[in-house]
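Understanding the architecture of this molecule
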Amino acid sequence: MPRDFLTGARDAYDVIVIGGGLGGLTCANLLGRSGHRVLLLEQHYKLGGLATWFKRPGGRIFDISLHGFPVGMIKSCRRYWTSEIADSIVPLRRIRFDNPMFSLTTTFDRVDFTRLLIDRFRLERAAVESFFERARGMRFYDDQSTTVGDLFESFFPGREDVVRLLMEPITYANGSTLEDPAIAYGIVFSNFMSKGVYIYEGGTDGLIARMGRELRRNGVDIRIRCPAERIVAEGRRVRGVVVRGRFIGARAVVSNASLHATLFRLLDRQQVDPAFLEEAESVRLNNSSTQVYMALKPEESIDESTGDLLFSSTARSFRTESLLGRDITSRTFSFYYPRTRPHAPPRHVIVSSTNARYEDWVGLPDDEYARRKRILMETTLDALDRYVPRARDRIEHVEAATPRTFERYTGHPSGTSFGTKFEGLKVSRGVPEQVRGLYHAGSVGIIMSGWLGAINYGVIVANEVENQLMAESRTRVPANDA
Ligand SMILES: Cc1cc2nc3c(=O)[nH]c(=O)nc-3n(C[C@H](O)[C@H](O)[C@H](O)COP(=O)(O)OP(=O)(O)OC[C@H]3O[C@@H](n4cnc5c(N)ncnc54)[C@H](O)[C@@H]3O)c2cc1C
């Protein structure tokens, strides 16, 4: 008999969270911690969403999205998760750039960038300081007509090398471009500049295991391999979710699935205003990625001077197009030394990431898809050779992921790595106004994505759900089907 992954689940909960990405997990954790009955549904066989990893025989573990996040993660994890998790967040010290315009190593914080911009790029201190202040002073509600490109041009006219230094890592970090609103860039850039780049020591598997334990401690009912099929709403009020053919009631539903999947696959269109749907339809998706995962032979090692994160490019100038195109000229190499997983056998692993377009990978016949993946791996090994000499001889395992892989494992349309473009935020925030009790907490825009953005968005939405539940219990609205 097929296993029933919902055995023992109740017929109704206070809240159902659809999706176990960092946003969904955080939201579920906070609501569980407040004493609400929470059901967490994850379609995949493990939690984490894009914060994930995979294992291969011989002790090889590859992280998908553990490349770097801002220091704010420490505070968020301490407050909304545990001290144990917060205490495992550690800085990366060696961020390298290597491109035809410059090669340098930095700690990627304001002090070091100021030094570099003045000493190396020969800029006036006043211009550098005022750029940092302008970026730091940016807020959500600021004017959105100024683009990132406009911002750079006003501070550093004609300086493509400076733009490259300031922009390339953020483009890699969240797919943003020179055409995006400057505020989105300013907030993310300033977050990184405050103290540099951090990662989780213990690996993504260690983090998600700890999160899972904390969720259970807070009473969250976690169900993996449970894809929500439909969000049920009547009269613009959420009633529950259909999962594996079974209806489960809830007073509130939080969707951590992508914004488009939430509105166009899970929800009945009749439940929202046509104008809202139209606005949602015009929200652009962010790009996707390709990755190449490489493990060194157990007896091989890489010197730590190679760097932690290396932004490498052979493109003569910085262009969004050249970051996305199929002829890859730019790669971000993440080097994982044994300290990434202090309790595991000492292994050196490298992950190369490149922004990519879904259209370049979808619809290919199997043999052509396999051929392109092979080319991706081969050209990546060639590029790596410059930093890890004789890479081919020293590496024992190589495999690749494409936008199709990301789509397959998360259900995100077009395998988007960072949800939607900035305009998705307004639509995401507007969901509860359309259907009472329904919320979205998944990657949208540049700020509400990435590990920190997703966690913080989960917190914001948990507070809103909490307010709804409290208000309802004050006015004695009966719990749906409870
Ligand atoms: C290659 C790559 C590299 C990245 N690198 C970094 C990095 O270095 N630093 C950083 O901060 N961020 C990085 N990110 C981005 C970061 O991983 C994501 O922004 C973040 O993890 C997204 O969290 P989320 O809460 O939006 O949910 P997601 O991680 O998108 O998860 C959504 C979850 O919902 C589940 N789901 C969807 N539909 C259903 C359904 N119907 N029923 C049940 N479950 C469902 C999915 O299976 C998934 O588990 C990277 C992303 C990629 C792809």
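Residues numbered from 1 in each chain as written. Predicted model: local features only at pLDDT ≥ 70, side-chain atom pairs only at ≥ 80, totals over all residues.

We now examine the nonpolar core. Ranked by size, the top nonpolar core spans 130 residues in total, and within it Val15, Ile16, Ile231, Val241, Val253 and Val254 carry the most contacts. The greatest single-element share of this core, amounting to nine residues, is contributed by helix 17 (residues 450-474). Those residues within four positions of Val241 in sequence are excluded, and the remaining contacts are Ile16, Ile18, Leu41, Ala228, Arg230, Ile231, Val232, Ile248, Ala250 and Val253. (Core = buried A, V, L, I, M, F, W, Y, C linked by C-beta atoms within 7 Å. Buried ≥ 20, exposed ≤ 12 C-beta atoms within 10 Å, placed from the backbone. Helix = DSSP H or I, 4+ residues; strand = E, 2+ residues; numbered from the N terminus. Contact = placed C-beta atoms within 7 Å.)

Let's shift gears to the pairing of strand 12 (residues 246-255). Most of strand 12 sits out of view: eight of its 10 residues are buried. Two elements, strand 1 (residues 12-18) and strand 12, share six bridges in a ladder whose sense is parallel. If you follow Ile16 over to strand 12, its bridge partner there is Val253. Note: strand 11 (residues 237-243) against strand 12, four bridges, orientation antiparallel. When the sheet's bridge partners are listed, Val243 is paired in strand 12 with Arg246. (Pairing = 2+ DSSP bridges.)

The accessible area lost on association of the parts is a frequent measure of interface size. For the chain, the assigned domains read domain 1 (12-50 + 206-284 + 418-474), domain 2 (54-71 + 82-91 + 285-410) and domain 3 (109-194). Between domain 1 and domain 3, the C-alpha centre-to-centre distance is 33 Å. Each partner contributes to the interface: domain 1 provides seven residues, whereas domain 3 provides nine residues. Considering only residue class, the side of domain 1 that touches domain 3 consists of four nonpolar, three polar and no charged. (Domains from an automatic or database assignment. Nonpolar A, V, L, I, M, F, W, Y, C, P; charged D, E, K, R; others polar.)

In the vicinity of the ligand there are 40 residues, among which Gly19, Gly21, Gly23, Gly49 and Gly450 approach most closely. At the level of secondary structure, the elements contributing two or more residues to the shell around the ligand comprise helix 1 (22-33), strand 13 (288-296), helix 15 (403-410) and helix 17. Residues of the shell around the ligand, tallied by class, amount to 15 nonpolar, 24 polar and one charged. Counting contributing residues, the shell around the ligand receives three or more from each of domain 1 (12-50 + 206-284 + 418-474) and domain 2 (54-71 + 82-91 + 285-410). (Near = placed C-beta within 6 Å.)

In this section: the pairing of strand 3 (residues 53-56). Pairing analysis gives four bridges linking strand 3 to strand 4 (residues 60-63), with the strands arranged antiparallel. Looking at the pairing, Lys55 lines up with Ile61 of strand 4. The antiparallel pairing of strand 3 with strand 4 creates a hairpin that spans three residues between the two strands, and Gly58 there sits at a positive phi of about 90°.

The next subject is helix 16 (residues 424-434). When helix 16 is considered as a whole, its buried residues turn out to be Gly424, Leu425, Val427, Ser428 and Val431. Those residues of helix 16 that are buried lie in contact with helix 10 (259-266), helix 11 (274-281) and strand 18 (438-440).

This part covers helix 4 (residues 110-120). One full turn of an α-helix is made of 3.6 residues, so residues set three or four places apart face in the same direction. Within the span of helix 4, buried status applies to Arg110, Phe113, Leu116 and Leu117. Projected down its long axis, helix 4 shows its buried positions confined to an angular sector of 130°, all on one face. Turned more than 90 degrees off the buried face of helix 4, the exposed positions are Val111 and Asp119. Residues of helix 4 that are buried sit in contact with strand 7 (103-106), helix 5 (125-136), helix 7 (160-174) and helix 8 (182-195). Phi for Arg122, located one or two positions after helix 4, is positive at around 60°. (Arc of directions from axis to C-beta.)

With mixed pairing, seven strands are arranged side by side in an open sheet as 7-6-14-15-16-13-17. Where the open sheet ends on each side, the last strands, each with one partner, are strand 7 and strand 17 (395-401). With direction set aside, neighbouring strand axes in the sheet form an average angle of 15°. The pairing of strand 15 (residues 330-336) with strand 16 (residues 349-356) spans five bridges and is antiparallel. Across the sheet, the residue bridging to Tyr336 is Val349, located in strand 16. Contacting strand 13, strand 16 and strand 17, helix 15 crosses the sheet at an angle of about 95° to strand 13. (Axes fitted to C-alpha atoms, helices over the stretch in contact; angles between N-to-C directions.)

Glancing now at unusual backbone geometry. Positive phi outside glycine occurs at Arg225, with the angle close to 55°. Following the sequence through the fold, Arg225 ends up in the loop between strand 9 (221-223) and strand 10 (228-234). According to the C-beta neighbour criterion, Arg225 is partly exposed, with 14 such atoms within 10 Å. The residue Arg244 is not glycine, and still its phi comes out positive at about 45°. Counting through the fold element by element, Arg244 comes out in the loop between strand 11 and strand 12. A count of 16 C-beta atoms within 10 Å places Arg244 in the partly exposed class.

In this section: the environment of Gln43. Secondary-structure assignment places Gln43 in the loop between strand 2 (38-41) and strand 3. Discounting residues that sit within four places of it in the chain, Gln43 has contacts with Cys226, Pro227 and Gly411.

A few words now on the packing of helix 2 (residues 72-80) against helix 17. In contact at an axis separation of 10 Å, helix 2 and helix 17 are set at 35° when each is read in the N-to-C sense. In this structure, helix 2 meets helix 17 at a crossing whose hand is left-handed. Seen from helix 2, the contacting residues are Gly72, Met73, Ser76 and Tyr80; seen from helix 17, they are Trp451, Leu452, Ile455, Asn456 and Val459. Tallied by class, residues from the contact of helix 2 with helix 17 come to six nonpolar, three polar and no charged. (Left-handed = near helix turned anticlockwise from the far one by under 90°.)

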